[in-house]
Amino acid sequence: MLQLIAQRLTAAVPGVLGVIVVTFLLSRALPGDPAAYFAGPAATPQAIEEIRQKLGLDRPMWEQFIDYIGDLVRGDLGNSLTTGQPVMQELVTRLPASAELTLLALVVAVLVAVPLGVLAAVKQGSWIDHLSRVVTTAGVSLPTFFTGLLLVYVFYYKLGWAPPPLGRLDIYFSPPDHVTGFYLIDSLIARDLELFVAALGQLILPASTLAVFALAPLARMTRASMLAVLSSDFIRTAKAGGLRSHTVVVTYAFRNAVLPVVTTLGMVFSFLLGANVLVEKVFSWPGIGSYAIESLIASDYAPVQGFVMTMALLYVFLNLLIDVLYGVIDPRVGIDA
Amino acid sequence: MTTVAAGLPADKPRRSTGTAAFLRHARYVIGENPVTAFSFGLFGLLVLAAVFGPALVPHDPLASNTARALEPPSAEFWFGTDQLGRDIFSRVVVATRLDMGIALASVVLAFLMGTLAGTAAGFYGGWTERIVSRIVDTIMAFPLFVLAMGIVAALGNTVTNIVLATAIINFPLYARVARAEANIRRNAGYVEAARLAGNSEPRVLLGHVLPNILPLMAVQCSLTMGYAILNAAGLSFIGLGVRPPDAEWGIMVAEGAAFIVSGEWWIALFPGLALMIAVFGFNLMGDGLRDLIDPRRRT
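Residues numbered from 1 in each chain as written. Chains lettered and ligands numbered in written order. Predicted model: local features only at pLDDT ≥ 70, side-chain atom pairs only at ≥ 80, totals over all residues. Heavy atoms only, no water.

With respect to the overall build of chain B
Along the backbone of chain B there are 11 helices and zero strands. A burial count over chain B gives 49% of its 299 residues as buried. A fraction of 72% describes how many contacts in chain B between residues 6 or more apart in sequence connect residues 24 or more apart. Accessible area of chain B: about 13,600 Å², with a carbon and sulfur share of 67%. (Helix = DSSP H or I, 4+ residues; strand = E, 2+ residues; numbered from the N terminus. Buried < 20%, exposed > 50% of the residue type's maximum accessible area, 1.4 Å probe, protein only. Contact = heavy atoms within 4.5 Å. Areas by Shrake-Rupley, 256 points an atom, 1.4 Å probe, with all protein chains shown as cover.)

Comments concerning the overall build of chain A
Tallying secondary structure elements over chain A gives 14 helices and zero strands in all. For chain A, the N- to C-terminal ordering of α and β elements is α-α-α-α-α-α-α-α-α-α-α-α-α-α. By residue count, 44% of the 337 residues in chain A fall in the buried class. Considering only contacts in chain A between residues 6 or more positions apart, those separated by 24 or more positions represent 72%. Of the roughly 16,900 Å² that chain A leaves accessible, carbon and sulfur atoms contribute 67%. Charge separation in chain A, taken as the distance between the mean sites of 20 positive and 23 negative side-chain charges, equals 15 Å. (Lys, Arg positive; Asp, Glu negative; His and termini not counted. Charge placed at Lys NZ, Arg CZ, Asp CG, Glu CD.)

Describing the nonpolar core
Ranked by size, the top nonpolar core spans 144 residues in total, and within it Phe-145 and Phe-307 of chain A together with Met-149, Ile-229, Ile-238 and Trp-249 of chain B carry the most contacts. Here this core takes 14 residues from helix α9 (residues 201–237) of chain B, the largest share from any one element. Among the domains, domain 1 (2–73) and domain 2 (93–329) of chain A are the pair contributing at least three residues each to this core. Ignoring anything within four residues of it in the chain, the contact list for Phe-307 of chain A reads Leu-91, Val-277, Ile-288, Gly-289 and Ala-292 of chain A together with Val-146 and Met-149 of chain B. (Core = buried A, V, L, I, M, F, W, Y, C linked by side-chain atoms within 4.5 Å. Domains from an automatic or database assignment.)

Brief notes about the packing of helix α7 (residues 144–158) of chain A against helix α10 (residues 249–260) of chain B
Running from amino to carboxyl end, α7 of chain A crosses α10 of chain B at an angle of 15 degrees, the nearest separation of the two axes being 10 Å. Comparing the axis directions of α7 of chain A and α10 of chain B gives the class roughly parallel. For the element pair α7 of chain A and α10 of chain B, the recorded crossing hand is left-handed. Facing Phe-145, Leu-149, Val-152, Tyr-153 and Tyr-157 of chain A of α7 of chain A, the residues of α10 of chain B in contact are Val-253, Ala-257 and Ile-260 of chain B. (Axes fitted to C-alpha atoms, helices over the stretch in contact; angles between N-to-C directions. Parallel < 35°, antiparallel > 145°, perpendicular 65-115°, else oblique. Left-handed = near helix turned anticlockwise from the far one by under 90°.)

Quick notes on the domain arrangement of chain A
Residue and element names in this part refer to chain A. Considered domain by domain, chain A is made up of domain 1 (2–73) and domain 2 (93–329). Tallying the contact residues gives 16 residues for domain 1 and 14 residues for domain 2. Between domain 1 and domain 2, the buried area comes to about 1,200 Å², and carbon and sulfur atoms account for 82% of it. The tally of links between domain 1 and domain 2 comes to zero salt bridges. The tally of links between domain 1 and domain 2 comes to zero residue pairs in polar contact (both at pLDDT 80 or more). With 11 residues, helix α1 (residues 2–28) is the largest single contributor of residues to the side of domain 1 that touches domain 2. In the side of domain 1 that touches domain 2, the residues fall into 13 nonpolar, two polar and one charged. (Buried area = accessible area lost by both parts, 1.4 Å probe. Salt bridge = Lys/Arg side-chain N within 4 Å of Asp/Glu carboxyl O. Polar contact = N/O pair within 3.5 Å; in protein donor to acceptor, adjacent residues only side chain to side chain. Nonpolar A, V, L, I, M, F, W, Y, C, P; charged D, E, K, R; others polar.)

Structural notes on the UniProt feature "transmembrane region" (unreviewed entry) in chain B
If you check UniProt for "transmembrane region" (unreviewed entry), the listed places come out as residues 35–57, 100–123, 135–153, 159–177, 213–240 and 265–286 of chain B in our numbering. As annotated, residues 35–57 of chain B has a helix share of 96% and a strand share of 0%, and its two end C-alpha atoms lie 29 Å apart. (UniProt positions renumbered as here; feature names shortened; annotations may be inferred.)

Focus on the packing of helix α8 (residues 189–196) of chain B against α9 of chain B
Pairs of packed helices are described in terms of their axes, by the angle between the two and the distance that separates them. All names here are of chain B. Interaxial distance between α8 and α9 falls to 10 Å at its minimum, and their mutual angle equals 150 degrees. When the interaxial angle is binned, α8 and α9 end up roughly antiparallel. Helix-helix and strand crossings are classified by hand; for α8 and α9 the assignment is right-handed. Facing Tyr-190, Val-191, Ala-194 and Arg-195 of α8, the residues of α9 in contact are Glu-201, Val-204, His-208, Val-209 and Asn-212. Its residues assigned to classes, the contact of α8 with α9 shows five nonpolar, two polar and two charged.

Examining the UniProt feature "transmembrane region" (unreviewed entry) in chain A
Residue and element names in this part refer to chain A. In the UniProt entry, the feature "transmembrane region" (unreviewed entry) is given for residues 12–30, 101–122, 134–156, 195–216, 257–279 and 307–329. End C-alpha to end C-alpha, residues 134–156 measures 25 Å, and it is 91% helix and 0% strand. For the annotated span residues 257–279, helix accounts for 100% and strand for 0% of the residues, and the straight-line distance between the end C-alpha atoms is 31 Å.

A few points about the side chain of Asn-170 of chain B
Residue and element names in this part refer to chain B. Along the polypeptide, Asn-170 turns up in helix α7 (residues 159–185). Residue Asn-170 is classed as buried on the basis of its relative accessible area of 0%. Leave out the neighbours within four places in its chain, and Asn-170 touches Ala-110, Thr-224, Tyr-227 and Ala-228.

Remarks on the environment of Leu-289 of chain B
Residues and elements named next belong to chain B. By the element assignment, Leu-289 lies in helix α11 (residues 266–293). Its relative accessible area of 18% is what places Leu-289 among the buried residues. Each C-alpha atom of the pair Leu-289 and Val-92 lies 27 Å from the other, and the pair is 197 residues apart in sequence.

Now the structure itself:
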């Protein structure tokens, strides 16, 4: 097991290196002259030259790259121009909001998509199969930001069931004491059920929006994979042996069908982390996505670079996790690799 | 039918002619699956709107009239008016050209880069393959939309860079398929024959391998077109690329977002629906084209 994890870690190194090189290149490809940009429009040529030296932009590219890696190791992603705060600190305080939203969405998506896909495969051609096809097509075709707005209109404006789409908590509540940064968990730790309900109420719409989007590939893959397994010989034998259909489907078929679904999770994470940005904007969610958007609009590039870097490293890490999970589910993978 | 048959020599097999056989096959596949025909219809509609839209719309898409702002859909303004009193129907139709243009340009760019790099990688192997695979892996190491945001932020906030960013994140999809297909054909019989006939390697690659991969890549184009539209609209939704007052679906939804909470649903709904229909149409058409060109994978 440990050996497997170590192997996967080494396999992730080129990915991380690639991410670092690309973000470095992006940060040096800023429009125009970065020194002139940081100096402001009224700067004299002399001031620009001073800033260029201060930023180390007059030195060769590889020296700058080594400095860049040094900064990264020290956790220094630069300062935001608009707030003056270190980017790293802002990202760390905002990350729990994004993580809570994305993880809840993923859990909801898996809980809905997997049973839906299994049922659609078992009862092929029934209404549930058609339902799953409609849901997956809609999930692929609907822009996330549009789904979010539709949900806000229906559940907030028309029905009044959901709170206004303005962040993680209604202004009447104060956030729970910081333990994990996840309001759902922290409010439970503080034994404040009212707060838990309030936080959940804020989360439901953005999480459902993301979930609809993530549902589609998962349900589609579950269905296809179940169909393939159900038509294989050992299922026929299990059925012929007189096993209950429940045992055949859940114990025999599903366990074998789950591997391709886990593989799809990698792609789903790529979608989710991107869609997260759009959903955060729609629901004024104070996560790292809206931080990046605010900075983009203000032409404040350090936070954007930090954001891209954080997201990419998170994604590499999640893929690593999927690989390990894969090894746990299917022991054969560990032996070959 | 009889007249055509009479014009042909009796012993000539009717199956042999390439184009006619393909058309017959196309008619069969489309007839078998009406959804494909429907998607071609949607595609035609989009092309019409993109080409003739600006000449056909009832109102000037940029003319504001604050006296008639935020009106719900009516006989005069089919989709209502926005916060500046502009006609939403006209704006949605006119925006087709920009949205399709961005998506098409980025897909063509990704297609050219990905097909060439991928075919070369699969055909030559060795260092070419290693370099291309490394580039593909590096791009895939990012969540794609986030990478697109980073690229646009770094290169500058313009429509051209939206096209470029969308092309770059689509590049791996083309390069992978092209590499796999070229790899299969690397030592196929007809490729060996072309070599023996004295063709140089680049000539074999461009003249014999590439043309056989192109149909599959065309399917890939249609399948990724929907994704390209969504991606470009997403970027302009967060304020990148297209600037107001230009009509574009993503930015129109963004403008309408502020009014959803006060009940003015039509501003965001109609451009959003247009986006959805376009993406849906291209996804369906991609599936249909795949059935047509690659019958083995028919679902």
